[in-house]
Amino acid sequence: MAQSFSETYQLQGMSCASCAGRVEKAAKKVQGVIDASINLAGQTATLTFEAPVKEQTLVDVFKKVGYPAVTQETRISISDMSCASCVAKIEKSLLESPGILSASVNLAAQSASVTYWEGKNSPEKIAATITKLGYPANADSSDHPTDMNAKREKEAKKLFWFFVVAAVLAAPVFILEMTSHFIPGAREFFASSISTEVSHISQFVLTTLVLLGPGLIFYRKGYPALFKGTPDMNSLVALGTTAAYGYSVVVTFAPQLLPEGSRMVYFEAAAVIVVLILLGRYMEARAKGRTGDAIKKLVGLQPRTARVQTTGGLQDVDVDALESGMLIVVRPGEKLPVDGTVTEGTSFVDESMITGEPIPVSKKAESSVTGGTVNGMGALIIRATNTGSDTVLAQIIKMVQDAQGAKLPIQGLVDKITSWFVPAVLALALVTVAVWLVLGPDPALSFALVAGVAVLIIACPCAMGLATPTSIMVGTGRAAELGVLFRKGDALQSLQQASVIALDKTGTLTKGKPELTDLHLRDGFERNAVLALVAALETQSEHLVAEAIVRASEKENLSLNKVESFNAIAGFGIEGRVEDKDVLVGADRLMTKHNIDVSGFMPQANAFGKQGKTPLYVAIDKKLAALVAVADPIKEHTPEAIKALHNLGLKVAMITGDNAATARAIADELGIDHVVAEVLPEGKVAAIKNLQSGNTALAFVGDGINDAPALATADVGIAIGTGTDVAIESADVVLMSGDLKGVVNALDISKKTMRNIRQNLFWAFGYNIVLIPIAAGVLYPVNGTLLSPMLAAGAMALSSIFVLSNALRLRWIKPVLN
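About the cut-offs
Residues numbered from 1 in each chain as written. Predicted model: local features only at pLDDT ≥ 70, side-chain atom pairs only at ≥ 80, totals over all residues. Heavy atoms only, no water. UniProt positions renumbered as here; feature names shortened; annotations may be inferred. Helix = DSSP H or I, 4+ residues; strand = E, 2+ residues; numbered from the N terminus. Axes fitted to C-alpha atoms, helices over the stretch in contact; angles between N-to-C directions. Parallel < 35°, antiparallel > 145°, perpendicular 65-115°, else oblique. Left-handed = near helix turned anticlockwise from the far one by under 90°. Contact = heavy atoms within 4.5 Å. Nonpolar A, V, L, I, M, F, W, Y, C, P; charged D, E, K, R; others polar. Core = buried A, V, L, I, M, F, W, Y, C linked by side-chain atoms within 4.5 Å. Buried < 20%, exposed > 50% of the residue type's maximum accessible area, 1.4 Å probe, protein only. Expected span 1.5 Å × (residues − 1). Bend = angle between axes of the 7 residues up to and from the residue. Salt bridge = Lys/Arg side-chain N within 4 Å of Asp/Glu carboxyl O. Phe/Tyr/Trp six-rings, centres within 6.5 Å; stacked < 30°, edge-to-face > 60°. Lys NZ or Arg CZ within 6 Å of the ring centre and 35° of its normal.

## So, the UniProt feature "domain: HMA" (unreviewed entry) in the chain
UniProt feature "domain: HMA" (unreviewed entry): in the numbering of this structure it lies at residues 5-70 and 72-138. In this annotation, residues 5-70 is assigned 33% helix and 29% strand; the end-to-end C-alpha distance for the span is 22 Å. With 33% helix and 34% strand, residues 72-138 has its two end C-alpha atoms placed 17 Å apart.

## Observations concerning the packing of helix H13 (residues 392-404) against helix H16 (residues 461-481)
Between H13 and H16, whose axes approach to 9 Å, the crossing angle comes to 155°. As summarised for this structure, H13 and H16 are arranged roughly antiparallel, according to the angle between their axes. Relative to H16, the crossing made by H13 is right-handed. Counting all contacts with H13, which are made through Val400, Ala403 and Gln404, the residues of H16 involved are Ile472, Met473, Thr476, Gly477 and Ala480. Here the residues of the contact of H13 with H16 sort into five nonpolar, three polar and no charged.

## Some points on the nonpolar core
Soluble globular proteins: nonpolar side chains tend toward being buried together. Residues Phe486 and Ile501 are the most contacted members of the largest nonpolar core, which totals 143 residues. The element contributing the most residues to this core is helix H27 (residues 741-776), with 14 residues. Not counting the four nearest positions on each side in its chain, Phe486 is found in contact with Met399, Ala403, Thr476, Ala479, Ala491, Leu492, Leu495, Asp732, Val733, Ala746 and Ile749. Core analysis: the second largest hydrophobic core is formed by 31 residues, Val392, Ile397, Met399 and Ala714 among them.

## A short note on H16
Between its terminal C-alpha atoms H16 stretches 31 Å, which fits the 30 Å expected from 21 residues at 1.5 Å a residue. Ala467 marks where H16 bends most, by close to 35°; the proline Pro469 follows one to four residues later. Of the residues trailing H16, Gly483 is marked for its positive phi of about 85°.

## Re the pattern of salt bridges
Evaluation of the coordinates by the stated rule reveals 19 salt bridges. Notably, a salt bridge pairs Glu155 with Lys158, separated by 3.7 Å at the nearest N-O pair. With Glu155 and Lys158 both in helix H5 (residues 145-182) and three residues apart, the pair spans about one turn of that helix. A relative accessible area of 30% places Glu155 in the partly exposed class. We classify Lys158 as partly exposed; its relative accessible area is 40%. When salt bridges with common partners are traced through the structure, they connect Arg307, Asp316, Arg331 and Glu334 into a single cluster.

## Details of the packing of aromatic side chains
In the structure shown here, the tally under the stated rule is 17 aromatic pairs. Where Tyr9 meets Phe49, the ring centres are 6.4 Å apart and the plane angle is 85°; that geometry is what we call edge-to-face. Taken together, the positions of Tyr9 in strand S1 (residues 5-10) and Phe49 in strand S3 (residues 44-49) put the pair 40 residues apart, joining distant regions of the chain. Of the residues examined, Phe49 reaches a relative accessible area of 1% and is grouped as buried. On the numbers, 5.9 Å between centres and 25° between planes, the contact of Tyr223 with Phe227 is stacked. Of this pair, Tyr223 and Phe227 both sit in helix H8 (residues 216-227), four residues apart, roughly one helical turn. Counting every residue linked through ring pairs, the aromatic cluster contains Phe5, Tyr9, Phe49, Phe62 and Trp117. Across from the ring centre of Tyr9, 4.9 Å away, lies the NZ or CZ of Lys120, which sits over that ring. The side chain of Lys593 reaches across the aromatic face of Phe572, ending 5.3 Å from its centre.

Written out as C-alpha cells, the structure is:
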C-alpha cells in the first residue's frame, strides 16, 4: 500500500463549526483524500492523501462549498528566454510545482504571470524554480517599467557588442574560405600567399575565439537543456555549430580519419552562424524594447517629484513618498503628480493622455483631478486622495501589463506544437544525416554534415514563440493610448468574434443626465405643490431621473419638506410619505400594482414615448395626480458610432428598463436593429442570453456599475468608464473616453491585432514547413540546391525579425473615430 502524506491549505470564509464541517465533508469526498482536519481559527484544511490530487480539483471543491482557497497572483521577470521551447519548459516546471494553479509565460515581455495557493508557494520560491532551469528570475513583481526598459536596453547593448566582436573575428575566416566562390582569382591569390595548413589553423583559432567568446551563451544554455531532455533553440545552435566546428577540427588536425574527398573545413559556417544569430538576437532585443513603448509612455506621464505645502513652506517630495491628504501645489503647465481634489484655484486640465478626449476640462474647487494629466494656465492646489498603486494611472499601467502578459486561446495550438518542435527538429536532423550518408553522392559525409547543420540552424522556434505575445503587447499598448483598456487579454480575441453589440441606454447611448421636460397635471392639483412633493421624495433616490426632477425643483426655487418614509422598488419606481401624504412616482406598472387607473394619461404618455421621453406617473394619496416626462439627451458621438458599427457588419441591440415606446423612439432615431425594453436589472442577463442563442457572440456595453451582471454574462463586457474610475471588475474592456466611439476603436484594434497574430503565425509556421525540408536537401535531386548553413542562420534570424517588425506595425493604428 502506498504511503499516505499530508498537506495544509489556506482557505477563507469559515466562521463556525458548521462551516468547518462542510469543508471536511466535501474534502473527504475527493478521490485520493482519506482524512481532513479543519482548523477554524487558522482558516486551514489539513488533508491526508493516499494518492496525489490535482490542486485545481481541490480549489474547485472548496469554492463550490463556499470557502474558496486564498490565492495570490504575481508577476516574475525572467532573463535569457530565447524561444517558444523556453516558454514551454518554464510553464511545465511551474505547473508541476506545489501550489501553482496557473502560469503564463510571455516571451516578448520576458515575464511570467503566476497564480498560486497562498502558503503553498511564494514569489521567491517561484523565481528560484525558474532560475534553477537556467533562466535568472526576479521575484520582485513590482519592478518599475522604467527599470525593465533599462534592463532591456542593457541586454540589447550587450548583444550588440557580442555581435561586433564575433563579426570582427569571423570576417577573416569568411574571407579566407568563401571569397573564392564569388571573386575570380581569389583562390589562386590565397593559395600563393598562405598554405592550406596555415589557413586552416588560422580559421581554427579565430573560430574557437568566436565560439568560446561571444558564442558561449549558446553553449551555456543549449547543452544543459539538451542533457536535461528539454532542448531549446540554444541547443539547436550549439549542436549545429559544434558539428561544423568539430568536423573542421578533425579535417585540420587528423585528416587521415576521413575519406579523402570529404576533407573540407566548415569553420566559416560555425563562425558566421554565431555572428548572424547574435545579430538577430540584438535586433530582436531592440524590437522587444519597442513593444513596451506604450507602458514607457504611460510611466512617463507621472512626474517624479511634487511640490507639497507644509507648515515650513513648499517642499519638493518624491512622488513615491506622497500620502493621502497632503496639499500639493501644481503650477501652470505642470503634470499632476497624483489623483486628488482641487481645494484652491481654477484652470483647464488636459486629460487626453488618460481619456483620449482632446478638449481640456475645466477644474475648480471640489473638482476631481487625475495624476498624469497636464495643468493649463492656472495654478491649482490639490489635496491628494489616491497615491502610489491606488492612482488611476497606476491602475491603467497594471491593466495594460496584465493584458500584455495574457495568453490568448489561439496560443493553445502554438503551445502544443512547440512542445515537440525542437525534439522533432533534432530527430529530423539525424534522419537527414542518415539519408545523405546512405543515398547521397560523394563526398556523402560532407553533404550529410551541411544538410544536418542547416536543418538544426534554420528551425526557428523563436518566431513561433514571438508571434502572439508581441502582437498582444503592441496592440494592447496602442489601445491604451487610444483610451481602450483590455482588462483581460483574451477579450482581445473574443471581441473581434462578436457579431452583435448590445447597448445599455442610460449613460451609454445617452448622456446619463436626464432633464425634466414636461409636467401634466390632473384637475385639482397645483404644479409647484406636486413638483415639491415629488422632488422631496426623489432626493432619497440615486437614480438619474431623480436627479433631473430635483434639479428642476432647484431651478424653480421650491422649498422641499422632510421625507418621513422612503422605499425604492427596483424596476417599478419609488414610494414614500411627505407632508403626511403618500406619494408614488414610477412607471405605469407601479400604478397598476396599487390599483390606480392611468388610462386618462395614456395618450399623452404614448406621445412622450414616441418623442424619446420617459413618462412617469405621480400618485398622491392613491389618486393619480400628474404625468412627468423626462428626457435623456443622446450623446454627441452616438449616431456616428452606431453607423460605424453597422459599417463593420455588426448588428446593434439596445437593452433598457425604459418603456417600449421610448426605447423604440430612440432606436428608430439611431437606426438600432433590435430593442429589448422594460426589463428589470436581472432581466438584462436573460435578454443577453436570448440574444446569444444560436452561438451568437455578443459584446455588451454598459456603465460598469448597474450593469455588472450583464457585463459578466456577455461574451465580452465593455464598460464605459469616466476617466477616473477604471477599476471595473465585471468588465473585460474599459473605455476611458465615456462614449461609444471607444467601442468602435476597440473592435478595430481587436480585429487588426488578431489579423496581425494570424499573419505572424502563418509566417512562423510556413517558414519552418517550407524551409526545413529545403535545408534537408529535398531540392538537391531536382536542381542541385543545397542550402548553406550560413544562409540558414540568416534566414532564421530574419524570421524572428519579420514577426517582430510585423507586430510593431500595430503601433501606428489610427482611431476609426476621433
